[in-house]
Amino acid sequence: MSAWRTTPTSSCAGSDGGDVPPARPPCLPPVPPRRPPSLLRAARGRQRLLRAATRGLSGAPPALSRCHSDDDAAMAAPGPAPLLPAEAEALVRALRGIELRDIGGQRWLRQHECVEKLNMHAILSTFAGQEQLLTELLVTYAKIPVLIAELISVEIWKHKVFPVLCRLEDFKPRSTFPIYMVLHHEASIINLLETVFFYKEVCESAEDSILDLIDYCHRKLALLAARNTKGQTVTPAELRPEDLASPSSMQELQKQAEAMEFEIALKSLTVLRYITDQVESLPLSALTRMLSTHNLPCLLVELVEHCPWSCWEAGKLKKFENGTWHEVPPEDQVKMTKLDGQVWLALLNLLLSPECQRKYHFDGFNRSQLLKLRVFLTDVLVDQLPNLVEMQRFLSHLAVTEPAPPKKDLVLEQVPVIWDHILKKNAGKWEAITKHQVKHVFSPTEEELKLQARRWAETYSLDMMEALAPDKPRCRVCGTEAAKRCSRCRNEWYCSRACQVQHWQKHKIACNLMAGAPKSTDDL
């Protein structure tokens, strides 16, 4: 059951803004045909996040660059390699716990850069078959609990500080990019955990914080199931650029955060399934948390029943897979997606494990919910995942029997502490934290924005974007395949000179920032 592994998707960010624009758009050098992408078909979601991150500065985000920065002919060269062992070790050792009040500050930004580089390194290493190094480093230096604490800290920031920030009428930031980076940080961490939690040693190294991660995944999946039950499905229409082009950049950020929340929930599903793979080695408190406190089997039944990653639009079935919604042809509508597989594998782990069966209470409600699964266990589905034959037998037996309730032994149960600790430490201080961050973090000067743009340009090199991008570049204006890009910033793609001229008024601010950002802090 543990052989089903999801290819991790990734997410990225960029920045743009501007000063004095040139008189006319720079020329467009032709680009040779692009080599087929070698990595990560799911990077389409990363492109959308990159465009969304930069919208607050330029009004229109740059398209993802898809060739090398030094020479277009270099596109035939091999893709970027994973980090060297010494580089990866330095990044892992640099991970530290950061107070919620300091989120968005310089120390936090350095940590975010470390997470992003490790995230990209994990993806490249997975495809190169070298991911064992990163998992060993994270386990050796005990950084999995640090990542989980950081994940929950940003989640609380989104629930407590971000709404206050959006309500400030006198807050008109020069750029919403610094705020976006905080929202994006949660997606970066859960993406990294999704990549490494496939390994048993990583799950075990979480120690007591595994309870906090279980709670986190439950919160995300419960919101996903509740939202879908109410008919609030994230569809392609919600993610179109024109829908995000709101006069209010803060309203735009709220829409972007909502779109990210959907993908974060799906990654949480994968992480939870990896945790259930290790039910035999999990502490007793973790099993109690999953089976009794949160009743995860019934929650997973809700996901099977409502399937939030699929929807019908204009009579056509669409499914969310590899970071994007796509139309499913009639012959593939009964085909199991990776997300479907994660739910079924988690159910197999939780219901067929002898230890879980002894601890789960099969009362009237739970039995009725679980028996709903029988209608979904068709021959076509079982053919795709043969392990479900055991699930059919279990449900048939459950339908005609009433298992005895679990024994209530007197035990000392561990409880998660990270969420409660952060809430208690900052209770009543949310407005003060918001004002502090508005003054010291989210109101950067133009020079600070330029420096940050240079740092992110170095983090997300064009070599890396070439490796992670899934498809051929598209024209920023008309959407057709593009063979030319802005020769000044090398960050925007067009099919013709006419489209570039049409888009120049929107692009010139971002172009000036990307082309004129200082090379280092010494240039400021």
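Everything numeric here is computed off the predicted structure, so don't read it as measured data.

A short note on the overall build of the protein
- For the protein, the count of helices and strands is 23 helices and five strands.
- Considering the protein as a whole, with its 524 residues, one finds that 55% of them fall into the buried category.
- Accessible surface computed for the protein: about 22700 Å², of which carbon and sulfur atoms make up 54%.

Structural notes on the pattern of salt bridges
- Scanning all chains against the criterion turns up 17 salt bridges.
- With a closest N to O distance of 3.5 Å, Lys-267 and Glu-194 form a salt bridge. Separated by 73 residues along the polypeptide, Lys-267 in helix H11 (residues 249-276) and Glu-194 in helix H7 (residues 177-196) bring together distant segments of the chain.
- According to the relative accessible area criterion, Lys-267 is buried, its value standing at 8%.

Observations regarding the sheet that holds strand E3 (residues 324-327)
- The antiparallel open sheet is built from three strands, whose spatial order is E1-E2-E3. Only two strands of the sheet have a single neighbouring strand rather than two, namely strand E1 (310-313) and E3. The mean inter-strand angle of the sheet, taken between neighbouring strand axes irrespective of direction, is 30°.
- Two elements, E1 and strand E2 (residues 316-321), share four bridges in a ladder whose sense is antiparallel. Within the sheet, the bridge partner assigned to Glu-313 lies in E2 and is Lys-316.

A word on helix H14 (residues 338-352)
- Over its 15 residues, H14 extends 21 Å from the first C-alpha to the last, a length consistent with the 21 Å expected when each residue adds 1.5 Å.
- Among the 15 residues in H14, 13 count as buried, and that is most of the element.

A short note on the pairing of E2
- Hairpin connection from E1 to E2: two residues lie between these consecutive antiparallel strands, with Ala-314 at a positive phi of about 55°.
- The pairing of E2 with E3 spans four bridges and is antiparallel. Among the inter-strand pairings, Lys-318 is bridged to a residue of E3, identified as Glu-327.

Comments concerning the packing of aromatic side chains
- Scanning the model with the defined rule gives nine aromatic pairs in all.
- Considering the side-chain rings of Trp-157 and Phe-442, the 6.1 Å spacing of their centres and the 70° angle between planes classify their relative orientation as edge-to-face. In this pair, Trp-157 sits in helix H5 (residues 144-160) while Phe-442 sits in the loop between helix H20 (430-440) and helix H21 (446-459), placing the two residues 285 residues apart along the sequence. Across this residue pair, the class does not change: Trp-157 and Phe-442 are buried.

Structural notes on the environment of Pro-308
- Topologically, Pro-308 is positioned in the loop between helix H13 (296-306) and E1.
- Using a relative accessible area of 2% as the deciding quantity, one classes Pro-308 as buried.
- The spacing of Pro-308 and Leu-339 is 31 residues in sequence and 9.9 Å in space, taken between C-alpha atoms.

Side note on unusual backbone geometry
- A positive phi angle, near 55°, is found at Ala-142, a position not held by glycine.
- With respect to the helices and strands, Ala-142 occurs in the loop between helix H4 (132-140) and H5.
- The phi dihedral of Glu-207 falls on the positive side, at around 55°, and the residue is not glycine.
- Residue placement: Glu-207 occurs in the loop between helix H8 (200-205) and helix H9 (209-229).

A short note on the nonpolar core
- Counting residues in hydrophobic clusters, the biggest one holds 118 residues, and the most contacted among them are Trp-157, Phe-197, Ile-210 and Leu-213.
- Phe-197 has contacts with Ile-144, Val-202, Cys-203, Ala-206, Ile-210, Leu-213, Val-271, Tyr-274 and Ile-275, leaving out every residue within four places of it along the chain.

Points about the confidence of the model for the protein
- On average, the protein scores 78 in pLDDT, and the residues at 70 or more come to 75%.
- Per-element confidence in the protein ranges from a low mean pLDDT of 36 for helix H10 (residues 241-244) to a high of 96 for H5.
- Contacts of residues 6-78 to residues separated by more than four positions or lying in other chains number 251 contacts, the stretch itself having pLDDT below 50.
- Below pLDDT 50 for its whole length, residues 518-524 participates in 11 contacts with residues either more than four positions away or in separate chains.

Reading guide: rules and limits
Residues numbered from 1 in each chain as written. Predicted model: local features only at pLDDT ≥ 70, side-chain atom pairs only at ≥ 80, totals over all residues. Heavy atoms only, no water. Helix = DSSP H or I, 4+ residues; strand = E, 2+ residues; numbered from the N terminus. Buried < 20%, exposed > 50% of the residue type's maximum accessible area, 1.4 Å probe, protein only. Areas by Shrake-Rupley, 256 points an atom, 1.4 Å probe, with all protein chains shown as cover. Salt bridge = Lys/Arg side-chain N within 4 Å of Asp/Glu carboxyl O. Pairing = 2+ DSSP bridges. Axes fitted to C-alpha atoms, helices over the stretch in contact; angles between N-to-C directions. Expected span 1.5 Å × (residues − 1). Phe/Tyr/Trp six-rings, centres within 6.5 Å; stacked < 30°, edge-to-face > 60°. Core = buried A, V, L, I, M, F, W, Y, C linked by side-chain atoms within 4.5 Å. Contact = heavy atoms within 4.5 Å. pLDDT = per-residue confidence, 0-100.

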